[in-house]
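Given next are the chains, with one letter for each unit.
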Amino acid sequence: MTSTAQAQQPNVEGRRLSPEQVRKVAPALEKYTQDRLYGDVWKRLGLDRRDRSLITVAALIARGQAPALTYYADQAIENGVKQREISETITHLAYYSGWGNAMAAVGPVGEVFARRGIGGDELPAETPPPLPLDEAAEAVRKQRVGELYDSVAPGLVGYTTDYLFRDLWLRPDLAPRDRSLVTVAALIAAGQTEQVSYHLGRAMDAGLTQEQAAEVITHLAFYTGWPNAMSALAVAKDVFAQRAAK
Amino acid sequence: MTSTAQAQQPNVEGRRLSPEQVRKVAPALEKYTQDRLYGDVWKRLGLDRRDRSLITVAALIARGQAPALTYYADQAIENGVKQREISETITHLAYYSGWGNAMAAVGPVGEVFARRGIGGDELPAETPPPLPLDEAAEAVRKQRVGELYDSVAPGLVGYTTDYLFRDLWLRPDLAPRDRSLVTVAALIAAGQTEQVSYHLGRAMDAGLTQEQAAEVITHLAFYTGWPNAMSALAVAKDVFAQRAAK
Amino acid sequence: MTSTAQAQQPNVEGRRLSPEQVRKVAPALEKYTQDRLYGDVWKRLGLDRRDRSLITVAALIARGQAPALTYYADQAIENGVKQREISETITHLAYYSGWGNAMAAVGPVGEVFARRGIGGDELPAETPPPLPLDEAAEAVRKQRVGELYDSVAPGLVGYTTDYLFRDLWLRPDLAPRDRSLVTVAALIAAGQTEQVSYHLGRAMDAGLTQEQAAEVITHLAFYTGWPNAMSALAVAKDVFAQRAAK
């Protein structure tokens, strides 16, 4: 471990494995964790630590690796992610990663909140006043999906409108750009490249820069494996090209 | 929680997280769980609670979320799924979701059986008399797969015939329609859209209606995430169209 | 259980579920485990038990089923996989299956090493002298990836070169053929067929025969489910054909 890496690393103690335990099985893995993951990737410019924490939390939930949140949710707060943003990320991913994945995050994140003595004062309301809806964009989305699937599964199409785009996406305690960010991270983490195109475009509409998008994929290569990142990169390249051509 | 939702909800106590625990982390998630998941989706017409339980159990096994079966396998029995059907679902998914996924279900489901005092009297035999085989349909399937892969992996082609289609699929304690149903649910849950087309057609050949198929996908949107459901919906649309054109 | 199967089965006690526990839930699953998995698949010619253990370990890590390694890592050592090879497989899969999947393997594998009284003497060095690099092949790979993605995500392209192909792949304690083998197994296990083509070709360049490749897929059908195996088989067929046409 370089001393610089150590200095930048909040709460290493929160790791569930000690460096010694890792070294007894895979010495290089511990070295790479210190030098490359904490010592290099997390310090890259182009995406700040707060955003890196947010996408890491989302990726872990999407991959069913919620126990690691006892470290990463804590680190996220240290890096500037708000309690209410973590809470909303969990609720959001119930819809995008499955109910069980979201529920699995409740225990570990609850531990982190309790350990830090954070009460419920800052938690999002059950039904807060919604953000304003871009009615024009939503009409386009609704028509597109409706034409495709109204005759196939009207129930699911209805839920997509009512539960997702006219409710979940308008909840104010996670900014639209961040909501798209955690969605993209969850999709990459689960290898669901089919939907990356739409949600990456949406994230960029909401302010995510191309450089940041590339950094998201680069960061997630480490947490979700190179193959998921490379598949996402192919999609991102197309998204970038289409936006440049506009 | 609406009182109606509560009344319809068997064994909420079987949940491993209390509503209070969820509310301390994500109040909206608890509200959505009560109002939307239990209070809406599970009550939808078009697919009865027994079938919803069966596909939920299959989805959990396929996604490696077996611990949740301590609640959902119990609820399945409450909703009319037979002990032997749960047993067969586990055995079936050893082949379709991987041996480890099936084995992981044994502990939690064993707990449910024990808690309910269900002995082994109703368990499927190791080698029961098989259902009759549709020799013509099996000949077509075998020829199609054989032409593709006999020269590539004859061992796997042979197992597919001997272990799956001339054995597993003929086991009588899970009806062919239900066997296809848990297969489709497992495929959607794992994002394996490539095989959904064949198995959804097979399910419909065995009696699953188009409305039920749409409800399966709608239900699974909540348990396996919207992206898996939307990818499956595109496949289902094609399957429905091809069958309508016949 | 046939007595032959039993004789060939090292350390059945390492299983976390007793045969009795499995039989109380799914008698056929226990029978299939004995007769087909241990009694048939593991004994197939065309791929030796050492290779079968290696790909099983890789598949379990890739699927987030690390707890099963308390049995399968032990069995791997019994079957001739070296301690240093298991260690390198874990480090390798940090990059190919995600950091969390690799870290999850540390605990169970550490237990196996401790139980067997294997110290750290045989563990790979953090930074051992690298294997020689095939500069020509690496130049081709680098150019191909660079043309595609240098302008999109130069950071990730750089890591791919520096961390993977000029470092990880040259670590000497897992032979290149085996490194490709665990990569292919991890890809199949995670349903990442997109990258199977490149890595299967690489494995065959490094000495994996076509028969062995087919056996890898056949074996993994049981551990990762039929759908993943069938999707991989389609890719393998193309790879075999392209190589035959050369």
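Scope of this entry: the structure provided in the associated data block. (Residues numbered from 1 in each chain as written. Chains lettered and ligands numbered in written order. Predicted model: local features only at pLDDT ≥ 70, side-chain atom pairs only at ≥ 80, totals over all residues. Heavy atoms only, no water.)

## A short note on the interface of chain B and chain A
Thinking step 1. Contact residues are listed per partner, giving 40 residues for chain B and 41 residues for chain A.
Thinking step 2. Overall, the association of chain B and chain A removes approximately 3,500 Å² of surface from exposure, summing both partners, and the carbon and sulfur fraction of that is 64%.
Thinking step 3. Contact with chain A buries area across many residues of chain B, yet Val25, Leu29 and Trp226 of chain B alone supply 20% of it, more than any other trio.
Thinking step 4. Viewed at the interface, chain A and chain B are joined by 20 residue pairs in polar contact (both at pLDDT 80 or more).
Thinking step 5. When residues of the side of chain B that touches chain A are traced back to their parent elements, those giving at least two are α2 (19–23), α3 (27–38), α12 (210–224) and α13 (226–245) of chain B.
Thinking step 6. Of the residues forming the side of chain B that touches chain A, the biggest block, 10 residues, is contributed by α13 of chain B.
Thinking step 7. Residues of the side of chain B that touches chain A, tallied by class, amount to 22 nonpolar, 9 polar and 9 charged. (Contact = heavy atoms within 4.5 Å. Buried area = accessible area lost by both parts, 1.4 Å probe. Polar contact = N/O pair within 3.5 Å; in protein donor to acceptor, adjacent residues only side chain to side chain. Helix = DSSP H or I, 4+ residues; strand = E, 2+ residues; numbered from the N terminus. Nonpolar A, V, L, I, M, F, W, Y, C, P; charged D, E, K, R; others polar.)

## Observations concerning the environment of Ala186 of chain A
All names here are of chain A.
Thinking step 1. Here Ala186 lies in helix α10 (residues 176–189).
Thinking step 2. Look at Ala186 and you get buried, because its relative accessible area is 2%.
Thinking step 3. Between the C-alpha atom of Ala186 and that of Pro67, which follows or precedes it by 119 residues, the distance is 16 Å.
Thinking step 4. Leave out the neighbours within four places in its chain, and Ala186 touches Ala62, Leu93, Ser97 and Gln192. (Buried < 20%, exposed > 50% of the residue type's maximum accessible area, 1.4 Å probe, protein only.)

## Describing the interface of chain A and chain C
Accessible area lost during the coming together of the parts is what is often quoted as the interface size.
Thinking step 1. On the chain C side, the residues contacting the 40 residues of chain A number 41 residues.
Thinking step 2. Surface buried jointly by chain A and chain C totals about 3,500 Å² across both partners, of which 64% is contributed by carbon and sulfur atoms.
Thinking step 3. When residues of chain A are sorted by the area they lose upon contact with chain C, Val25, Leu29 and Trp226 of chain A head the list and together hold 20% of the total.
Thinking step 4. Counting across the interface, chain A meets chain C through 1 salt bridge.
Thinking step 5. Asp167 of chain C is the salt-bridge partner of Arg36 of chain A, the closest N and O atoms lying 2.4 Å from each other.
Thinking step 6. Counting across the interface, chain A meets chain C through 20 residue pairs in polar contact (both at pLDDT 80 or more).
Thinking step 7. Of all elements in the fold, only α2 (19–23), α3 (27–38), α12 (210–224) and α13 (226–245) of chain A reach the threshold of two or more residues within the side of chain A that touches chain C.
Thinking step 8. Here the element with the most residues in the side of chain A that touches chain C is α13 of chain A; it accounts for 10 residues.
Thinking step 9. Partitioned by chemical class, the residues of the side of chain A that touches chain C number 22 nonpolar, 9 polar and 9 charged. (Salt bridge = Lys/Arg side-chain N within 4 Å of Asp/Glu carboxyl O.)

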